[in-house]
There are 2 protein chains.
Amino acid sequence: MTKYVYNFGGGKAEGNAKMKNLLGGKGANLAEMSGLGIPVPPGFTITTEVCAELSETGNYPDSLKEQVVDSIAKAEKIMGTKFGDVENPLLFSVRSGARISMPGMMETVLNIGLTSETIPGLIAKTGDERFVYDAYRRLQMMYSDVVMEKAAGRKLAQGKGIRLLLEAKMDEMKEDRNVKNDTDLTASDLKELSKRFNEIIEREMSESFPDDAMEQLWGSINAVFVSWNGKRAIEYRKAEGIQNKWGTATNVQTMVFGNMGENSATGVAFTRDPATGENSFFGEWLINAQGEDVVAGIRTPRILSGAENSMDKVMPTQYQQLVEIRDLLENHYRDMQDVEFTIQDGKLWMLQTRTGKRNGVAAVRMAVEMVNEKMISQEEAILRVKPEQIDELLHPIFDKKNEKLYVAIAKGLPAGPGGAYGQIAFSAEDAETMAKDGKKVILVRDETSPEDVAGMNAAEGILTARGGMTSHAALVARGWGKCCIVGCGELQIDDDAKTLKIDEKVFGEGDFLTLNGTKGNVYDGKLPLITPDIEKNEHLKMLMKWVDKTRSLKVRTNAESPKDADRAISFGAEGIGLCRTEHMFFEPERIIWVRRMIVAKTEEERRDAVMHLLPFQKEDFKGILNAMAGKPVTIRLLDPPLHEFITLDDEQITELASELGIRADELKIKIDALHESNPMLGHRGCRLGIAYPEITEMQARAIFEAAIELQNEGIQAMPEVMIPLVGDVCELENQRKIVEKTANEVFEKTGKSIAVSIGTMIELPRACLTADEIGKVADFFSFGTNDLTQTTFGISRDDAGKFLPFYIEKGILKDDPFAVLDQNGVGKLVEMGVKLGRSTKPNLKVGICGEHGGEPSSVEFCHRAGLDYVSCSPFRVPIARFAAAQAQIKNPR
Amino acid sequence: MTKYVYNFGGGKAEGNAKMKNLLGGKGANLAEMSGLGIPVPPGFTITTEVCAELSETGNYPDSLKEQVVDSIAKAEKIMGTKFGDVENPLLFSVRSGARISMPGMMETVLNIGLTSETIPGLIAKTGDERFVYDAYRRLQMMYSDVVMEKAAGRKLAQGKGIRLLLEAKMDEMKEDRNVKNDTDLTASDLKELSKRFNEIIEREMSESFPDDAMEQLWGSINAVFVSWNGKRAIEYRKAEGIQNKWGTATNVQTMVFGNMGENSATGVAFTRDPATGENSFFGEWLINAQGEDVVAGIRTPRILSGAENSMDKVMPTQYQQLVEIRDLLENHYRDMQDVEFTIQDGKLWMLQTRTGKRNGVAAVRMAVEMVNEKMISQEEAILRVKPEQIDELLHPIFDKKNEKLYVAIAKGLPAGPGGAYGQIAFSAEDAETMAKDGKKVILVRDETSPEDVAGMNAAEGILTARGGMTSHAALVARGWGKCCIVGCGELQIDDDAKTLKIDEKVFGEGDFLTLNGTKGNVYDGKLPLITPDIEKNEHLKMLMKWVDKTRSLKVRTNAESPKDADRAISFGAEGIGLCRTEHMFFEPERIIWVRRMIVAKTEEERRDAVMHLLPFQKEDFKGILNAMAGKPVTIRLLDPPLHEFITLDDEQITELASELGIRADELKIKIDALHESNPMLGHRGCRLGIAYPEITEMQARAIFEAAIELQNEGIQAMPEVMIPLVGDVCELENQRKIVEKTANEVFEKTGKSIAVSIGTMIELPRACLTADEIGKVADFFSFGTNDLTQTTFGISRDDAGKFLPFYIEKGILKDDPFAVLDQNGVGKLVEMGVKLGRSTKPNLKVGICGEHGGEPSSVEFCHRAGLDYVSCSPFRVPIARFAAAQAQIKNPR
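All values derive from a computational prediction rather than experimental measurement.

**Considering the pattern of salt bridges**
Part 1: By the definition in use, this model includes 137 salt bridges over all chains.
Part 2: For the salt bridge of Lys174(A) with Asp171(A), the shortest nitrogen-to-oxygen distance reads 3.8 Å. Of this pair, Lys174(A) and Asp171(A) are both found in helix α6 (residues 162–177), 3 residues apart, which corresponds to roughly one turn of the helix.
Part 3: Here Lys174(A) falls in the buried class, since its relative accessible area comes to 12%.
Part 4: Residue classification places Asp171(A) among the partly exposed positions, given a relative accessible area of 41%.
Part 5: Across the salt bridge formed by Glu560(B) and Arg580(B), the nearest N and O atoms sit 3.9 Å from each other. Of the two residues, Glu560(B) is situated in the loop between β27 (554–558) and α21 (562–570) and Arg580(B) in the loop between β28 (576–579) and α22 (588–599); the sequence distance between them amounts to 20 residues.

Here it is, written out as structure tokens:
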């Protein structure tokens, strides 16, 4: 016979903390506590398997009833009372408890076993009629709501829930009795009330309130299991990645009462402060109350110690016992615990312990302090903190409690984490002007383009209607660590009228918006922010020291300016993994030469124009190589299609034509000819350098001249030249020859030399499939997983906004593959690329420079795939370092 | 010591026909002939390895000289003469001979060994002074040209070649002597001429003509090896796919003379007629001439038999011997041979035999007749014909000799094979009008769109400036077997002025152009065409019978109309592998509902519009399922992005808006919102059906209702529903559910049912990578290698024209991957897809429906990869059948 029910209590237990999958977190911990000798009200756990079977077949396993009856008897024996007994009745609570905690998502029923038969017995036993009727009215409220209404799928005629009806009746009675608190109602009031409750229930449900203990118990057990498949629970699981098939366990536990008078109490506590991480016992409690009273906030709870009415003063013995249990639990679980306790008539009972939730600051502090206390190892400390909690420490954030009070007016893709508020600007120029006037600005655009960068920089946050996680706005914002939400389809922006419409509400320039870039939420108005000071966080510094000691994966950054490079170094970057060179082309004194290059009619004309760009590029490279002195800098040669540099309106064309000394219509034809149906799959990447070798030559010359000039100044420049968008080894061979030749020319001319490293970006499926051939010609690979995701999925980053959110919402894709590396598809290509590449070049250096390089699960994948480094935007460097350390601990290499 | 030199002659040989890689085709066949006892002038072959070593190191192997000297002695012994001997001199020819014949691409020198010392001896021996001086002036002309000028890389001062100068001198002498033919010059004329030749050579070359036999020999050997790396030879090899590293062998052979008087002759012959394939001995010969005279066309050659002056009459003994040798050779080689022979003073010598080139008609006829003659097996017959020769039999073609007389004025991509001429039309409407007037039309456009199809149909040929091998024009034309050239960048089309400019020449409407769609050549004017009659070609019918018996790969067609389907069946199609459904949407009475569907604001509106399309689609499907009764028809659900259906100018928008009863600006916003940066990677394929399930539902309903209605008429409809662009199994699951549900509804309503087969197009890398998961949910896979190539390479079909031709020209890619399946990259994904798919569904049916399905090397790949069928445009079906049979023979499965 399969064992479906596990008993606990009386200083022993059939389960333990390791059996979370079967008993759920709560059940496993109750068993564990009981096994530790901690006073836990006896009871039993019905396993998650029962939930799974019920979900699947609609029925309970045959032997369940029998096992439950046995277990009831065991609890009765420990307590010396009897469930449903007329003289000495035992009451039960029924609570859910899944493998991973889903707070508030499932149901609870308390005080089960109170019937017209047992009530008198309990009154006789406790001598407290008021307490018993109070417990009964609570059972009525919960049971009618949870079991009779929700679990049964009833809709009441009036549209209101039964709970509201009963609460209204109770309020009516309080008014009638002219009292304020529930506790002011007398025993006879409550007795009267319970009668009225039963009338209302019978009227509304066409069914009377069950007056049989066993019926109440099974109704409650069933309601808990049913609540696993409630809408809210399902949504929560989807958001948290909890699987439906896991199911919940149900815990049936003897009731103990904190509301049996002034010698009774109830409370919740954290073994350390969950908000700051401080090692102090932190909790709240109430005398003469049940647990829900503490949480519900009807009465203001007291603190545990240090106040006049705190527990250490009022109930010193029990407080001492609680502190001992706290130490016992923390030492046993080696982590901060979140406990519930009840004192019934002077006796302390522990109702629950579980690992406590904590924010980022607290998580880091606790982890570091527990190492110092020799409670855990450095590796355990690293695993205790979630990567996203590191993120919390790097960006301004909202106080979670505070944010809950607001309703998001729109939702987009969380492209740049952190929070920001400011006044709306509809153009980059306006944003700059407003920022100069000292205003905080939120730049609101359909999408951004390279011309907008100054305005983006001036803004506190960026909000766009279009684009995906790797759109221009997202990339730029992330690079700066700026709050950004993209692809927010609900925005209706009228640039001319300078209005933003969301639903029916219209915002104008200067109106306040607040963005939560970590979640993608947009709020009306101004929400208060908390700005962390990373420099002063000594716990974080210590943790990151351990992180760097632990990880084997190097972490570089994607940066293209000395300023970005400096910032990235301060975040711990060990080099640049992707220095794009195209944004450098947009500056006004350069763009004209870029355009001359594009419209050149002959190779000579083109070469002349290109060579005008040489001094600019050399200065760019000197700046960034200098900032990264002694660290490798991977410079990617020109990548975007040329038409990106020459999208002009008619007026601009006329102007440019006269500047270039050609006819406007001629120029227009030239520009039109550059048009591409699918530019992402067009004439770009190394295809440019192959068609126009002088571009490659100029860039290579700029790189090596810059490096040699720095060398002359005693600065160690370590450039690596990266050829983009290679799909066939011949492309790399072609470009490699040009770069090598140019390098040698520079070396010959200067009489100096540096190491030449030439590699390629692996960003096309074909590059992965033929990586053995490409590996022979490359000194390094850098996986460009943005583009690789794009072609592997056949999804354009720029257009994905039309259907990708819908896909994720419908569960067709679990994650946005541009944010989280698709290990199942793209990942296979990456693994293939690494394996094939190293099959012909065993010492091939391999990294990743796509946006995934800063996403924890993707970093872990990169570690497992054997990469040498990841590269990400500066603000993600700490998270990547952290994720790399976790990956090393989980998969040592 | 490596053997570099192989002797032949005197009825034996060191080599044989199998040693082509080492001895080249000519050398191997000379050895083979000699081994067969056929009279071959003795000599020796210097191996291809020597060429390779020379190319690589610039030097000959050390032992070569010695081996050559030995071999000269052997030839001398057989002939009883001596190279360089004063009294009885032996002369040599030196000829190239590569593994694969490269006619006219490399050099030849004859009469080597004539010097001031050997000339008198030869005169004494032959008694023919004129012959000897004629031979000497030929040596002078060839040697000075080939060895002293070309191989030495000399540029003469006057810019003319030495050969022209010498020919001019000879013409001058003929004029001076007042004679017409070379043969009219006397011995003393020629003696005088040779002196003048030597003067000119010395003057131009600053070097005197070598007067040493050995120097002449080595100069010639060297010139042959050097000519392997000549520009023309390299280009030829590139075009023919011959590898540079293979090298050429050099054949040094005793000279025999057909020009030693009226008892001497020379000729070339084919053992069967290379133009018709008829089994008759076909050749040309000349009395008193050297081989080059026959080829050069200075004198008109005679035929071998049947004329008054033909060989059977004039030299009956030698003719009889030649006929016997012909039979011997054909029976030995079991194929048609192309031979050269010389009769020196009455003795027949065979100079060369090789497998003869032939056109498509001849290849088919010979292959079939040789089977009937029991010379070869059916399988050999199939391997004897090249797939492209089958193509020749299906389309109008140019007479090759004729085409050579013309120069192409422009070159594009060969998108639709065959030839066509006609008068230029610049719009589809004009094309229709002109065709109605009985004119043959060439439609000239920048690119074509679905609205142009009527005009395209009316035209004989289509010529576009843009687009690649899978552009709209290419796909449509190929589907119709229509001649088409796309991506012809040299065209400058002005639609308004109705002019086409190529270089400086301007064409107007009605001017004639001729297209060679097999090569991509555009000609000015009207070239004569040959139109084959496939129905009357009994040899082809027989061959194709054997083909169908042999192959294991099924061949389907891509068709979307009953007319196309009928044609494809006549070409042997065994089903439809790809029936696109989107073109059906463009017809005027439908497009309005498509547009209503697109602009619908609610699901109800959209459903209403979609359902208006149901009767149309049902009729479409009935038509095609009926045409293909009893054969499977794979119907692909809607694939293109919706904006393709609604690209309108402002006026059309206004019109449509009023039709739809909405505001024009509202409609414009809606249309603008559909715009995509990279539509190929956008909201298309199953992403449409997932976002708008009612489209899938409507199409499924149309398919199954059509099938059931046909069933009621006693017609077996076998639809297969294909979901496009699946990248994740969840997409297929989603769409499969809708199709299954709809099918069941139709079955329930009608009380009838048919087999439901639902599969997917595998056209994204991720689909291949996760084919194990997808396989579980699919009844079949069909590789859409057009799109798969696009994403694997990251190259847009529509934009590839900007750099792909350049890539192929530069040798970065060997073939256009949209024409020839890239086995190295895309092929790996296909293999992975097949393997993974069948790992979870062993009986998964797998096909290919990309354009590669009709390309022979790709068909062979598909066979090897284990596919069940290929599908291609109707006109390519015979070639695909044929290629499938060849594949089966080469790789039996």
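**Focus on the relation of the copies chain A and chain B**
Part 1: Mapping chain A onto chain B calls for a rotation angle of 180° and an axial translation of 0.1 Å; the resulting RMSD is 0.2 Å. Taken together, these values place the two copies in the relation of a two-fold axis.
Part 2: Looking at the interface residues of chain A, 100% of them are also at the interface in chain B, so both copies use one shared face.

**Considerations on the pairing of strand β33 (residues 845–848) of chain B**
All names here are of chain B.
Part 1: In this sheet, β33 lies alongside strand β32 (residues 780–783) in parallel orientation, the contact comprising 4 bridges. Following the sheet pairing, Phe780 is matched in β33 by Lys845.
Part 2: With respect to chirality, the unit in which β33 leads through helix α34 (residues 856–864) into the neighbouring parallel strand β34 (residues 869–872) is right-handed.

**Side note on the interface of chain A and chain B**
Part 1: Contacts between the two partners involve 49 residues from chain A and, on the opposite side, 49 residues from chain B.
Part 2: Summing both partners gives a buried area of about 4,100 Å² for chain A against chain B, and 57% of it is carried by carbon and sulfur.
Part 3: With its nearest N and O atoms 2.6 Å apart, the salt bridge here joins Asp822(A) to Arg766(B).
Part 4: Applying the counting criterion to the chain A and chain B interface returns 28 residue pairs in polar contact (both at pLDDT 80 or more).
Part 5: Breaking the side of chain A that touches chain B down by element, the ones donating at least two residues are α26 (686–691), α28 (729–750), α29 (765–769), α30 (771–777), α31 (785–793), α32 (804–809) and α33 (826–840) of chain A.
Part 6: Considered class by class, the residues forming the side of chain A that touches chain B number 22 nonpolar, 15 polar and 12 charged.

**Observations concerning the sheet that holds strand β6 (residues 92–98) of chain B**
All names here are of chain B.
Part 1: Taken in spatial order, the 6 strands line up as β2-β1-β3-β8-β6-β7 in an open sheet, and their pairing is antiparallel. The sheet is open, and its two borders are formed by β2 (12–13) and β7 (108–112), each paired with just one other strand.
Part 2: Here β6 pairs with strand β8 (residues 248–254) via 7 bridges, running antiparallel. For Ala98, the partnering residue across the bridge sits in β8 and is Thr248.
Part 3: Running over the sheet, helix α8 (residues 213–227) touches β3 (43–46), β6, β7 and β8 and is turned about 150° from β8.

**Some details on a negative patch on the surface**
Part 1: Together, Asp649(A), Asp650(A), Glu651(A), Glu655(A) and Glu659(A) make up a region of like negative charge exposed at the surface.
Part 2: A relative accessible area of 45% places Glu659(A) in the partly exposed class.

**Notes on helix α17 (residues 428–436) of chain B**
All names here are of chain B.
Part 1: Within α17, the full set of buried residues consists of Ala428, Asp430, Ala431 and Met434. Axial view of α17: buried residues confined to an arc of 155°, hence all on one face. The exposed residues of α17 that point more than 90 degrees off its buried face are Glu429 and Lys436.
Part 2: On its buried face, α17 is in contact with β17 (419–425), β18 (441–445) and α18 (453–458).
Part 3: Just past α17, the residue Gly438 takes up positive phi, approximately 85°.

**Focus: a positive patch on the surface**
Part 1: Side chains of Lys357(A), Lys386(A), Lys400(A) and Lys404(A) sit close together on the surface and give a patch of like positive charge.
Part 2: By the secondary structure assignment, Lys400(A) is in helix α16 (residues 400–404).

**Concerning unusual backbone geometry**
Part 1: Although it is not a glycine, Asp503(A) adopts a positive phi angle of roughly 55°.
Part 2: Structurally, Asp503(A) is set in the loop between β22 (499–502) and β23 (505–508).
Part 3: Residues other than glycine seldom take positive phi values, yet Lys498(B) does so here, at roughly 55°.
Part 4: Lys498(B) sits in the partly exposed class, given a relative accessible area of 31%.

How each quantity is defined
Residues numbered from 1 in each chain as written. Chains lettered and ligands numbered in written order. Predicted model: local features only at pLDDT ≥ 70, side-chain atom pairs only at ≥ 80, totals over all residues. Heavy atoms only, no water. Salt bridge = Lys/Arg side-chain N within 4 Å of Asp/Glu carboxyl O. Helix = DSSP H or I, 4+ residues; strand = E, 2+ residues; numbered from the N terminus. Buried < 20%, exposed > 50% of the residue type's maximum accessible area, 1.4 Å probe, protein only. Least-squares fit on C-alpha atoms with pLDDT ≥ 70 in both. Contact = heavy atoms within 4.5 Å. Pairing = 2+ DSSP bridges. Right-handed = clockwise from strand over helix to strand, strands pointing away. Buried area = accessible area lost by both parts, 1.4 Å probe. Polar contact = N/O pair within 3.5 Å; in protein donor to acceptor, adjacent residues only side chain to side chain. Nonpolar A, V, L, I, M, F, W, Y, C, P; charged D, E, K, R; others polar. Axes fitted to C-alpha atoms, helices over the stretch in contact; angles between N-to-C directions. Patch = residues over 30% accessible without salt bridge, like charges linked within 9 Å, V, L, I, M, F, W, Y side chains within 5 Å. Areas by Shrake-Rupley, 256 points an atom, 1.4 Å probe, with all protein chains shown as cover. Lys, Arg positive; Asp, Glu negative; His and termini not counted. Charge placed at Lys NZ, Arg CZ, Asp CG, Glu CD. Arc of directions from axis to C-beta.

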